[in-house]
Amino acid sequence: MEKNTIWTRPFYYIIMFGVATVSLYPIFLMFMSSFKSSSEIFKNPLGLPTSFSLDTYRTLLNKIPFDQYFYNSVMVSVTSVVLVVLFCSLAAFYIARFNFSWNSAIFFVFLLGMMIPIKLGIVPLFILMRDLGLINSLWSLILMNIATGAPITMLILTGFFKTLPMELEEAARMDGAGNLRTLWHVLLPLMRPAIGTVVIINFIAAWNDFFFPLIFITEKAKMTIPVGMLSLFGEHSADWGSLFAGLTLASLPMMVLFLLASKQFMEGLTAGAVK
C-alpha cells in the first residue's frame, strides 16, 4: 500500500499543479495587463509588459473617482455581510432550536428566495425604493443584498445549527445563561466554518453586484466599482490598461477576505472537533 502511495503521489502533485495553474493564470494575466497600455495589450496580450510602470493606475485615478467607488463598495459589502449574518443567525437559531408548528413554514418562506428570481420583481422593487426615498442611497443596495443573501445563509446556518449537540446549550442554561448568551458564547464560536462560508458567499455577491446598483444608483458619487468602471468604455474603444488596473485593485479585497475566511474556516473545524 505504501509503495502504491509513493508511485502515485507525483501524479497527484502534477494534477494539483495543473489545476492551480489553470485557476491562477487568469489572475496573473490580469495583473500583468494592468501594467500595459491598450496598444501593448493588443500587440502582446499574453506576454509580459515591456516595463512595469504605474501609468495605467494613475490614468485610472485621474479618469474616474475610483477611490469613491471603492469606498462605496466596501461600505455596501461589509454592512450587508454583517447584517445578513446577524439577522440570519438569530432566525436560524430560532428555527433550529425552538419547536413550533410554524417553523417549517417560516423556513420554507426563506427558501422561496432561492426558487423565485428576485429580478422578476424589479419594477415593484424600484417603486418601493422610490417611495421609501432610497433611490441613490447605498441603503437600497444593502437591503437588496440582505434580501438576496438571506435564503442561502439561512439554509447553511440552520443546517449547521441542527448538527450541534443540545447538551452544550443545556449545560450553558444550567449555568444561568439565557438564549442570546448561549448563542453568542457557546454556539457561534463552533459555527465559524459555516459563518466563514456565508461571509465569503455574501461578500462576493455584494461586491460583484452590477444589476441593482445600475437600477437604483444614478449619482456618480454613489456608484460602486462594477457600475462606475463603465465610464472606461468609450463609444468606439476602451482604455483596457486602466480597466485591468481597476480590476486588479477591485479583486484585492476578495482575495484578502477569502484567505482570512479560509483560515477561520479551518480553525473553526479544529475547534469544533476538540470541543
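What counts, and at which threshold
Residues numbered from 1 in each chain as written. Predicted model: local features only at pLDDT ≥ 70, side-chain atom pairs only at ≥ 80, totals over all residues. Heavy atoms only, no water. Helix = DSSP H or I, 4+ residues; strand = E, 2+ residues; numbered from the N terminus. Rg over C-alpha atoms; globule rule 2.2 N^0.38 Å. Buried < 20%, exposed > 50% of the residue type's maximum accessible area, 1.4 Å probe, protein only. Areas by Shrake-Rupley, 256 points an atom, 1.4 Å probe, with all protein chains shown as cover. Lys, Arg positive; Asp, Glu negative; His and termini not counted. Charge placed at Lys NZ, Arg CZ, Asp CG, Glu CD. Axes fitted to C-alpha atoms, helices over the stretch in contact; angles between N-to-C directions. Parallel < 35°, antiparallel > 145°, perpendicular 65-115°, else oblique. Contact = heavy atoms within 4.5 Å. Nonpolar A, V, L, I, M, F, W, Y, C, P; charged D, E, K, R; others polar. Phe/Tyr/Trp six-rings, centres within 6.5 Å; stacked < 30°, edge-to-face > 60°. Lys NZ or Arg CZ within 6 Å of the ring centre and 35° of its normal. Salt bridge = Lys/Arg side-chain N within 4 Å of Asp/Glu carboxyl O. Core = buried A, V, L, I, M, F, W, Y, C linked by side-chain atoms within 4.5 Å. pLDDT = per-residue confidence, 0-100.

(A) Quick look at the overall build of the protein. In terms of helices and strands, the protein carries 13 helices and zero strands. When the helices and strands of the protein are placed in sequence order, the string is α-α-α-α-α-α-α-α-α-α-α-α-α. Radius of gyration (C-alpha) of the protein: 23 Å, far over the 19 Å computed for a compact globule of 275 residues. Its C-alpha atoms give the protein principal-axis dimensions of roughly 70 × 70 × 30 Å. Here the protein holds 275 residues, and 38% of them are scored as buried. Counting every atom, the protein has about 16,400 Å² of accessible surface; 72% of that belongs to carbon and sulfur. The protein carries 17 positive and 14 negative side-chain charges, and their two centres are separated by 3 Å.

(B) Up close: the packing of helix H4 (residues 66–97) against helix H9 (residues 179–190). Two numbers describe how H4 lies on H9: the axes approach to 12 Å, and their chain directions differ by 105°. Relative to H9, H4 is oriented roughly perpendicular. Residues Ser89, Leu90 and Phe93 of H4 lie in contact with H9, whose contacting residues are Asn179, Leu180, Leu183, Leu187 and Leu188. When grouped by side-chain class, the residues that make up the contact of H4 with H9 number six nonpolar, two polar and no charged.

(C) Structural context of the packing of aromatic side chains. The final tally for this structure, using the stated rule, is 13 aromatic pairs. Measuring from centroid to centroid gives 5.6 Å for Phe70 and Trp207, while their planes differ by 80°, and the two rings are edge-to-face. Separated by 137 residues along the polypeptide, Phe70 in helix H4 and Trp207 in helix H10 (residues 192–208) bring together distant segments of the chain. Between Phe126 and Phe216 the ring centres are 6.4 Å apart and the planes differ by 15°, which places this aromatic pair in the stacked class. Remark: Phe216 occurs in helix H11 (residues 211–216) and Phe126 occurs in helix H6 (residues 122–131); sequence separation between them is 90 residues. Each member of the aromatic cluster is reached from another via a ring pair, and the members are Phe31, Phe35, Phe52 and Tyr57. Across from the ring centre of Phe211, 4.9 Å away, lies the NZ or CZ of Lys119, which sits over that ring. The ring of Phe107 has Lys162 lying over it, and the distance from NZ or CZ to the ring centre is 5.9 Å.

(D) Highlighting the pattern of salt bridges. Scanning all chains against the criterion turns up three salt bridges. Across the pair Arg58 and Asp55 runs a salt bridge whose closest N-O atoms are separated by 2.8 Å. Separated by three residues within a single helix, Arg58 and Asp55 lie in helix H3 (residues 55–63), roughly one turn from each other. The partner of Asp131 in a salt bridge is Arg130, and the shortest N-O contact between them spans 3.4 Å.

(E) Region of interest: the nonpolar core. Among the nonpolar cores identified, the biggest contains 55 residues, and Phe161 and Phe216 are the most heavily contacted of them. Take this core: its biggest share by element is 13 residues, from H4. For Phe161, the residues in contact, after removing those within four places along its chain, are Ser89, Ala92, Phe93, Ala96, Arg97, Leu183, Leu187 and Met191.

(F) Structural view of unusual backbone geometry. In this structure, Asn136 takes a positive phi of about 65° despite not being glycine. Within the element layout of this structure, Asn136 appears in the loop between H6 and helix H7 (138–163).

(G) Here's a closer look at the environment of Asn136. You can call Asn136 buried: its relative accessible area is 14%. C-alpha separation for the pair Asn136 and Ser38, spaced 98 residues apart in sequence, amounts to 33 Å. What Asn136 contacts, discounting residues up to four positions off in sequence, is Phe216, Ile217, Thr218, Glu219 and Lys222.

(H) Looking closely at the confidence of the model for the protein. Looking at the protein as a whole, the pLDDT averages 83, with 91% of positions reaching at least 70. Every residue in residues 268–275 is under pLDDT 50, and counting partners more than four places away or in other chains gives eight contacts.

(I) Highlighting the packing of H9 against H10. For the pair H9 and H10, the least separation of the axes is 5 Å and the interaxial angle reads 70°. With respect to H10, the element H9 is oriented roughly perpendicular. Where H9 approaches H10, its residues Leu188, Pro189 and Leu190 are matched on the opposing element by Arg192, Pro193 and Ile195. Here the contact of H9 with H10 is composed, by residue class, of five nonpolar, no polar and one charged.

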